[in-house]
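Examination of the molecular architecture
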Amino acid sequence: DAKTTQPTSMDCAEGRAANLPCNHSTISGNEYVYWYRQIHSQGPQYIIHGLKNNETNEMASLIITEDRKSSTLILPHATLRDTAVYYCIVRVAYRDDKIIFGKGTRLHILP
Amino acid sequence: NAGVTQTPKFRVLKTGQSMTLLCAQDMNHEYMYWYRQDPGMGLRLIHYSVGEGTTAKGEVPDGYNVSRLKKQNFLLGLESAAPSQTSVYFCASSYESGTPRYNEQFFGPGTRLTVL
């Protein structure tokens with residue numbers, strides 16, 4: 001069973017911030033939150049990860065609640081090219097052989 | 001670097017035929033994975049390997065076999081293909097160090113398999 005729960009789909013207007021939520025209420029203390037996205041039928045692509053602090057890189061920001069039971073991926077200025085399925089995954093720091101991809105959130109960027 | 005490559009990109013099989021999918025990575029990654037993705041579904045792990053000469057079962061291993069004779073290659077075999085194995089197959093690899101940033105999975109472009 002997936003360790004995370006995400007909405008099936010979301011819409012966001014082009015140029016606006018896209019906020020994608022993820023619930024991971026059973027996350028363990030040594031598990032990180034990773035986000036990937038899959039554009040059309042390509043292989044998934046890594047976006048960002050975090051443990052308990054908020055993280056930002058050139059692609060997105062990751063906000064993790066203080067109790068670590070949920071997180072939000074933020075795409076600050078969504079473009080049409082951000083239309084994709086976004087996967088939220090929890091896994092231990094390394095050598096984790098039980099990585100589970102759920103169904104993810106299908107994000108539609110509207111022109 | 002080519003990253004993760006998969007061969008072939010497309011294949012059509014008849015029920016009962018066999019085939020091998022090849023995954024190759026040039027990043028010296030320890031871990032390699034085979035996933036399948038059915039329409040509208042997320043990725044499901046078939047088999048994985050934590051190093052050369054090792055393999056292990058994932059979530060949906062039945063009907064598949066794998067081998068990791070060389071660190072850079074991970075082969076997925078279908079001995080007797082069935083229509084239920086029609087899917088897109090993705091290979092991935094990861095470094096797996098003590099630094100979480102280097103544990104992201106790198107995915108190949110996928111192999112689209114149809115079993116008639």
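Everything that follows concerns the structure shown earlier in this document.
In this text the structure is predicted, and so the values were computed from the model without any measurement. (Residues numbered from 1 in each chain as written. Chains lettered and ligands numbered in written order. Predicted model: local features only at pLDDT ≥ 70, side-chain atom pairs only at ≥ 80, totals over all residues. Heavy atoms only, no water.)

The next subject is the sheet that holds strand E1 (residues 4–7) of chain B. All names here are of chain B. Overall, antiparallel pairing links the four strands, which are arranged E1-E3-E8-E7 in an open sheet. Edge positions in the open sheet fall to E1 and strand E7 (65–67), since each of these has one partner strand only. Strand-to-strand twist across the sheet, computed as the mean angle between neighbouring axes with direction ignored, equals 20°. Sheet topology note: the E7/strand E8 (residues 73–78) ladder contains three bridges and is antiparallel. Note on E8: the bridge partner recorded for valine 66 is leucine 76. (Pairing = 2+ DSSP bridges. Helix = DSSP H or I, 4+ residues; strand = E, 2+ residues; numbered from the N terminus. Axes fitted to C-alpha atoms, helices over the stretch in contact; angles between N-to-C directions.)

Each pocket or cavity is described by its volume, and for the largest pocket that value is around 460 Å³. Lining the largest pocket are 25 residues, and of these Arg106 of chain A together with Gln37, Asp38, Gly40 and Met41 of chain B lie nearest its centre. Listed by contribution, the elements that provide at least two residues to the lining of the largest pocket are strand E8 (84–92) and strand E9 (105–110) of chain A together with strand E9 (87–94) and strand E11 (111–115) of chain B. (1 Å grid on protein atoms, 1.4 Å probe; cavity = no way out; pocket = protein on both sides within 12 Å on 5 of 7 lines; lining within 4 Å. Points joined across faces, edges and corners; volume = space filled by probe spheres on them.)

Glancing now at the interface of chain B and chain A. Listed per partner, the contact involves 23 residues of chain B and 21 residues of chain A. When chain B packs against chain A, close to 1900 Å² is buried across both sides, 53% of that on carbon and sulfur atoms. Inspection of the region where chain B meets chain A yields zero salt bridges. Counting the contacts that link chain B with chain A gives four residue pairs in polar contact (both at pLDDT 80 or more). Every element with two or more residues in the side of chain B that touches chain A is listed here: strand E4 (31–37) and strand E5 (43–49) of chain B. Per-element accounting of the side of chain B that touches chain A gives the leading share, four residues, to E4 of chain B. When grouped by side-chain class, the residues that make up the side of chain B that touches chain A number eleven nonpolar, seven polar and five charged. (Contact = heavy atoms within 4.5 Å. Buried area = accessible area lost by both parts, 1.4 Å probe. Salt bridge = Lys/Arg side-chain N within 4 Å of Asp/Glu carboxyl O. Polar contact = N/O pair within 3.5 Å; in protein donor to acceptor, adjacent residues only side chain to side chain. Nonpolar A, V, L, I, M, F, W, Y, C, P; charged D, E, K, R; others polar.)

It is worth spelling out the pairing of strand E3 (residues 19–25) of chain B at this point. All names here are of chain B. Side-chain alternation along E3 places Met19, Leu21, Cys23 and Gln25 on a buried face and Thr20, Leu22 and Ala24 on a face that remains uncovered. Note that E3 and E8 share six bridges and pair antiparallel. Across the sheet, leucine 22 pairs through a bridge with leucine 75, a residue of E8. (Buried < 20%, exposed > 50% of the residue type's maximum accessible area, 1.4 Å probe, protein only.)

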